[in-house]
Every structure is written in structure tokens, then in C-alpha cells.
Amino acid sequence: GARPNDPAFDNRPAIQAALDAAFSKGGGTVDVPAGVYWMTGTGTAAHGCLRIRSNTTLRGAGMGLTVLKLVNAYNGELTGVLRTPSAEQHKKIQIIDLTLDANGPGQASGTQMAFFCGTSPGDPPTTRCEDIRLVRVEATGGKGSSGYGFDPHENVLRLSFINCLAHDNQLDGFVIDGCREVVLDGCWSWSNARHGYNFITWSENNVLTASHAV
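For the structure given in this document, a descriptive report is provided here.

### Let's talk about the environment of Val175
Among the structural elements, Val175 can be located in strand E12 (residues 174-185). When near neighbours in sequence (up to four residues on either side) are disregarded, Val175 contacts Tyr148, Phe150, Asp151, Pro152, Asn198 and Ile200.

### Let's talk about the nonpolar core
Counting 45 residues, the largest nonpolar core has Leu134, Phe150 and Phe161 as the members making the most contacts within it. With near-sequence residues (within four places) excluded, Phe161 lies in contact with Leu134, Phe150, Pro152, Phe174, Ile176, Val182, Val183, Leu184, Asp185 and Cys187. Membership of the second largest hydrophobic core comes to five residues, among which are Met113, Phe116, Tyr148 and Val175.

### Observations concerning unusual backbone geometry
Of note, the bond from Glu154 into Asn155 is cis; its omega dihedral lies within 30 degrees of zero at 0°. Locating Asn155 in the fold gives a position in strand E10 (residues 150-162). Positive phi is not limited to glycine here, since Lys92 has a value of about 55°. In this fold, Lys92 is placed in strand E7 (residues 91-101). A positive phi angle is found at Asp97, which is not glycine, with a value near 60°. Note that Asp97 resides in strand E7. In this structure Asp97 comes out as buried when scored by relative accessible area, which is 15%.

### Section: the packing of aromatic side chains
Tallied over the entire structure, the rule returns five aromatic pairs. Between the aromatic rings of Phe150 and Phe161, the centroid separation amounts to 5.1 Å while the plane-to-plane angle is 65°, which identifies the pairing as edge-to-face. Residues Phe150 and Phe161 agree in their burial class; the two are buried. Between Phe161 and Phe174, the aromatic rings sit 5.5 Å apart at their centres with planes inclined by 90°, giving edge-to-face as the arrangement. Linking Phe161 in strand E10 with Phe174 in strand E12, this pair joins segments that are 13 residues apart in sequence. Each member of the pair, Phe161 as well as Phe174, carries the same accessibility label: buried. Every member of this aromatic cluster is reached through a ring pair, and the members are Phe115, Phe150, Phe161, Phe174 and Tyr197.

### Some points on the environment of Ser109
Relative to the assigned elements, Ser109 resides in the loop between E7 and strand E8 (112-117). Ser109 sits in the partly exposed class, given a relative accessible area of 37%. Separated by 82 residues in sequence, Ser109 and Gly27 have C-alpha atoms that sit 37 Å apart. Setting aside residues no more than four positions away along its own chain, Ser109 makes contact with Asn75 and Lys143.

What counts, and where the lines are drawn
Residues numbered from 1 in each chain as written. Predicted model: local features only at pLDDT ≥ 70, side-chain atom pairs only at ≥ 80, totals over all residues. Heavy atoms only, no water. Helix = DSSP H or I, 4+ residues; strand = E, 2+ residues; numbered from the N terminus. Contact = heavy atoms within 4.5 Å. Core = buried A, V, L, I, M, F, W, Y, C linked by side-chain atoms within 4.5 Å. Buried < 20%, exposed > 50% of the residue type's maximum accessible area, 1.4 Å probe, protein only. Phe/Tyr/Trp six-rings, centres within 6.5 Å; stacked < 30°, edge-to-face > 60°.

Given below as C-alpha cells:
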């Protein structure tokens, strides 16, 4: 039911239905062919646009080829074009070969970001998301007071960013917030209005290799 390259069509329900179907069967891979898939938010900031759960892989055709993009003039609060569900524990998630675009230039107000994972701020370390892997994922267009590209946030254990890109976000490209055993390898962060990489809130045992900030 998805329809790429049509700014007037909301692809969120169709792609979410595919992700939910994979999760309901115990896991699987959702392939998204090349194209720009325009989406609205749900209207609730903590729900973001799309939610991915345990044992699920979301795979595109490549960065810049498969683009999940927030519609113009979505001026509400949006914590993630793609995210794990708020206040839920999930594990074994992969996101591969796609672009997440919060479309900052298309928004006049509000706060939007490209990617979020974690449970809830203030949860104990034992309540967490685990084993999340992003490979060749681009995050751009974060806007407003939480205008991040990638925002893993309280609590995430064993998270990998491999050859990922973050650029043109209003705050940080990558913010590692309350996360442990994070690996960033071969990543680039540029033209963000604040930090390239920001490690905060008791984040520990993290490794940054072969990565660059401009």
C-alpha cells in the first residue's frame, strides 16, 4: 500500500503495518524499495512516525535511494521519523541502507528528529533496549530544541552505528545519551549546528573508531 515519490500521500500507515506484521510473527525483514516515502507523524511526539520492535530488520535500497521523509509543514513535536516505542523494551533490531529525513527546511516550528531509540528517561539501567544495529543509515533534518540526527536515549545496551551519516541537524549529529557499549565505526557528522558526536548522561564503555566530525 505504500506509494513512493508522492508528497501528497501518507506512507506511514502502510509501512507501519508491514513492521507490525513482522513483529507479530516473531520477527522478519521489511524491505523498502528505492523512492521517497513521505509521511506524517502520529500527532503524539513520543510515537514518532514509524515504530520498530524486537527481531525486526528495516532495509532500504541505499542511503539517498530509500528516503523516509517527514511531510512539509509538520510543525508538531516528533521524536523520531523512526524509533523504538516509548516505554517498551525491545532487542535485536537492524536498520540498513536508508535515509531518515525529518525535513527541517520544510518545518516552520516545533521539534522533530530523525532517529530515537530507548525506553523512557529516568528508567533504571535494567529497563532497556538491547542489540540495535544501524548500517549505512543517514539522519538529517532534525529541527528545534531536540533537533538531533541520531538520539539513542536512556537506556540502550549494545548499539552499533556502522558507516552512518548525520548532517544538517539543528543540534547534534549523534547524541549518545545514557547508553552503554555503543560502537560508532566509519561514521561522518557534518554541518550540524551543535556537536558532531555528544556523549552524555552516564554513557560508558563506548568506542568511536574511524569516524569524523566537520
